[in-house]
Amino acid sequence: MAEAVLSERSDPSPELQLRSLSIDPPLFLAPMAGLTHSALRQIIAGYGGVGLLSTEMLAARRLPTENPRLSPWIIRTDAERPMSWQLLISGVAEVRPAINALHRLGADAIDLNMGCPAPAVSRVGAGAKLMEHPDEVRRIVAEARCLTGLPLTAKIRLGNELDEGKLRAFCTMLQGEGIDLISVHARLNHESFARAPRWEWVGKIKQWVTIPVIVNGGVFSVEDARNCLQATGADGLMLGRGAVIRPWLFAEIAREIYGCPIEKPVVVLSELYQRFIDLLTELYLPERRLGRLKEFTHYFARNYQFGHLLASKVQSSLSVEEARARAADFFSRNPSLHE
Ligand SMILES: Cc1cc2nc3c(=O)[nH]c(=O)nc-3n(C[C@H](O)[C@H](O)[C@H](O)COP(=O)(O)O)c2cc1C
């Protein structure tokens with residue numbers, strides 16, 4: 001059975017204890033392919049306020065042969081702790097080699113991806129597709145639980161359609177097999193970001209299980225965070241795009257909602273962006289840098305009224321240095337929405 005417990009503190013934040021891992025405050029970075037790599041994680045960790053960082057989804061099949069010194073999916077520094085590693089799993093046979101690899105890599109927690117609806121992921125029976133096969137999920141979780149003493153978490157969406165019975169059975173099965181925490185991206189599998197997240201469904205899940213439930217989806221500000229926690233009664237928040245646009249958002253939420261003793265973040269966007277490029281350059285092989293810069297810029301540009309210009313200038317750049325120069329030119333002409 002799961003060993004997660006919540007211990008109340010005098011401030012509004014219950015610290016989350018998952019086995020031997022303390023998550024304080026209960027603020028989680030969402031796994032995001034192409035985005036939650038070491039460069040972004042270091043920037044987020046630098047502002048503070050994040051309780052648990054995350055990798056992007058890692059194909060369990062490929063993980064055991066990745067080179068930890070060169071692979072952009074695996075590289076991480078000591079500053080990025082604690083960190084959860086997310087596995088994309090298609091079947092039970094992949095579990096043992098992947099978990100052995102994560103033990104070697106020094107994972108602090110392991111997350112199982114049960115929510116990614118991308119067609120390429122569904123085709124191999126992984127991600128959100130897994131929720132259609134609860135018996136296979138049961139075997140995967142049981143095997144994983146047997147092999148690791150690390151916190152084992154599951155990230156889900158709400159399913160293919162709104163079906164309380166099915167969702168409840170799935171979540172209680174996860175808990176029964178030893179999952180320590182469930183994070184919920186509060187949308188159905190086919191729903192795009194254009195639709196408002198269904199936070200009220202996370203509130204339902206919270207009533208059905210005793211392990212911690214973390215709400216994810218649609219939090220871009222301290223006010224959103226407050227509303228989301230109030231609407232769901234969740235045990236914590238997971239931030240995705242909001243933390244890419246504003247890597248200091250964790251620090252703001254930690255300060256203003258959880259009363260954490262963190263300095264008010266001082267943000268100079270142009271410096272943040274240049275630091276991001278420096279980190280990409282320091283960490284990754286040249287051919288791995290530009291794509292990651294473009295992906296980040298797509299979100300970061302939303303801090304500017306005319307951010308689409310920044311995004312398109314970087315998008316059409318042929319090298320990181322060209323992108324850096326174009327971005328510097330943009331910053332010199334455009335105040336951010338925060339200045
Ligand atoms: C570019 C991108 C990549 C993503 N990759 C993953 C992933 O690797 N694993 C996963 O579980 N979810 C992934 N997601 C979903 C996010 O973790 C999160 O559930 C979703 O973005 C909703 O949260 P938000 O509104 O805070 O962004 C991804 C989302 C985006 C935008």
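Residues numbered from 1 in each chain as written. Predicted model: local features only at pLDDT ≥ 70, side-chain atom pairs only at ≥ 80, totals over all residues. Heavy atoms only, no water.

**Section: the sheet that holds strand β5 (residues 53–59)**
Judged by pairing direction, the sheet is parallel, and its eight strands sit side by side in the order β4-β11-β10-β9-β8-β7-β6-β5 without closing on themselves. Strand pairing shows two members of the sheet lacking a second neighbour, β4 (27–29) and β5, which therefore form its edges. Taken pair by pair, the neighbouring strands of this sheet meet at an average axis angle of 25 degrees, ignoring direction. Looking at chain direction, strand β6 (residues 83–88) and strand β7 (residues 109–114) are connected through four bridges and run parallel. Within the sheet, the bridge partner assigned to S84 lies in β7 and is A109. Here helix α1 (residues 38–47) sits on the sheet in contact with β4, β5 and β6, set at roughly 165 degrees to β5. Packed onto the sheet, helix α2 (residues 95–105) meets β6 and β7 and runs at close to 160 degrees relative to β6. (Pairing = 2+ DSSP bridges. Helix = DSSP H or I, 4+ residues; strand = E, 2+ residues; numbered from the N terminus. Axes fitted to C-alpha atoms, helices over the stretch in contact; angles between N-to-C directions. Contact = heavy atoms within 4.5 Å.)

**Points about the pairing of strand β10 (residues 213–216)**
Where a strand is regular, its side chains alternate between the two sheet faces. Side chains V213 and V215 project from β10 onto one buried face, and the interleaved I214 and N216 project onto a second face that is buried too. Alignment of strand β9 (residues 181–185) against β10, held across four bridges, turns out to be parallel. Within β10, the position partnered with V184 by the bridge is V215. Taking the sense of rotation as the criterion, the β-α-β connection linking β9, helix α6 (residues 199–208) and β10 turns out right-handed. Across three bridges, β10 lies against strand β11 (residues 236–239) in parallel orientation. Each residue of the ladder has a partner; that of N216, found in β11, is M238. Regarding topology, helix α7 (residues 222–232) serves as the crossover connection from β10 to the parallel β11, and that connection is right-handed. (Buried < 20%, exposed > 50% of the residue type's maximum accessible area, 1.4 Å probe, protein only. Right-handed = clockwise from strand over helix to strand, strands pointing away.)

**Some points on empty space enclosed by the protein**
Applying the stated criterion across every chain, the model contains one cavity of 30 Å³ or more. The calculated volume of the largest cavity comes to roughly 90 Å³. Residue lining of the largest cavity: F28, L29, P31, L52, L53, S54, S84, D111, T153, L181, S183 and M238, and that is the complete set. (1 Å grid on protein atoms, 1.4 Å probe; cavity = no way out; pocket = protein on both sides within 12 Å on 5 of 7 lines; lining within 4 Å. Points joined across faces, edges and corners; volume = space filled by probe spheres on them.)

**Some points on unusual backbone geometry**
Here the residue pair D24 and P25 is connected by a cis peptide bond, since its omega of 0 degrees sits within 30 degrees of zero. Within the element layout of this structure, P25 appears in the loop between β3 (21–23) and β4. The amide bond that connects R81 to the next residue, P82, takes the cis arrangement and shows omega of -10 degrees. Mapped onto the elements of the fold, P82 is located in the loop between β5 and β6.

**So, the domain arrangement of the protein chain**
Here the protein chain is partitioned into domain 1 (5–256) and domain 2 (269–333). Taking only C-alpha atoms into account, the centre of domain 1 sits 27 Å from that of domain 2. Among the residues domain 1 hides against domain 2, the three largest losses belong to I43, P72 and I245. Together they make up 28% of the total. In this assembly, domain 1 and domain 2 are joined by two residue pairs in polar contact (both at pLDDT 80 or more). When residues of the side of domain 1 that touches domain 2 are traced back to their parent elements, those giving at least two are α1 and α8 (241–245). Residue composition of the side of domain 1 that touches domain 2, by class: 14 nonpolar, five polar and two charged. (Domains from an automatic or database assignment. Buried area = accessible area lost by both parts, 1.4 Å probe. Polar contact = N/O pair within 3.5 Å; in protein donor to acceptor, adjacent residues only side chain to side chain. Nonpolar A, V, L, I, M, F, W, Y, C, P; charged D, E, K, R; others polar.)

**Observations concerning the site of the ligand**
P31, A33, N216, G218 and R241 are the nearest of the 19 residues found near the ligand. Note that a nitrogen atom of the ligand is positioned 3.4 Å from one of the side-chain N or O atoms of N113. Interatomic distance of 2.8 Å between a backbone N/O atom of G218 and an oxygen atom of the ligand. The protein chains hide 91% of the 610 Å² of surface that the ligand would expose on its own. Structurally, the ligand is housed in the largest pocket. (Near = heavy atom within 4 Å. Areas by Shrake-Rupley, 256 points an atom, 1.4 Å probe, with all protein chains shown as cover. Sits in = over half its atoms within 2 Å of the grid points.)

**Section: the packing of helix α10 (residues 269–283) against helix α13 (residues 320–333)**
For the pair α10 and α13, interaxial distance at closest approach is 10 Å and the crossing angle is 175 degrees. Between α10 and α13, the angle is such that the two are roughly antiparallel. Judged by residue contacts, S270, Y273, Q274, I277, D278 and T281 of α10 engage V320, R324, A327, A328 and F331 from α13. (Parallel < 35°, antiparallel > 145°, perpendicular 65-115°, else oblique.)

**As for the layout of surface pockets**
For the largest pocket, the calculated volume is near 550 Å³. Residue lining of the largest pocket: 28 residues in total, with P31, M32, K155, H185 and F193 positioned closest to the centre. Breaking the lining of the largest pocket down by element, the ones donating at least two residues are β11, α8 and α11 (290–300). Tallied by class, residues from the lining of the largest pocket come to 14 nonpolar, nine polar and five charged. Of the pockets and cavities examined, the second largest pocket occupies roughly 310 Å³. Along the wall of the second largest pocket there are 19 residues; nearest its centre are M57, L58, A59, R62 and L88. Of all the secondary structure elements, the ones that give two or more residues to the lining of the second largest pocket are β5 and α3 (119–123). Here the lining of the second largest pocket gets four residues from one element, more than from any other, and that element is β5. When its residues are assigned to classes, the lining of the second largest pocket shows 13 nonpolar, one polar and five charged.

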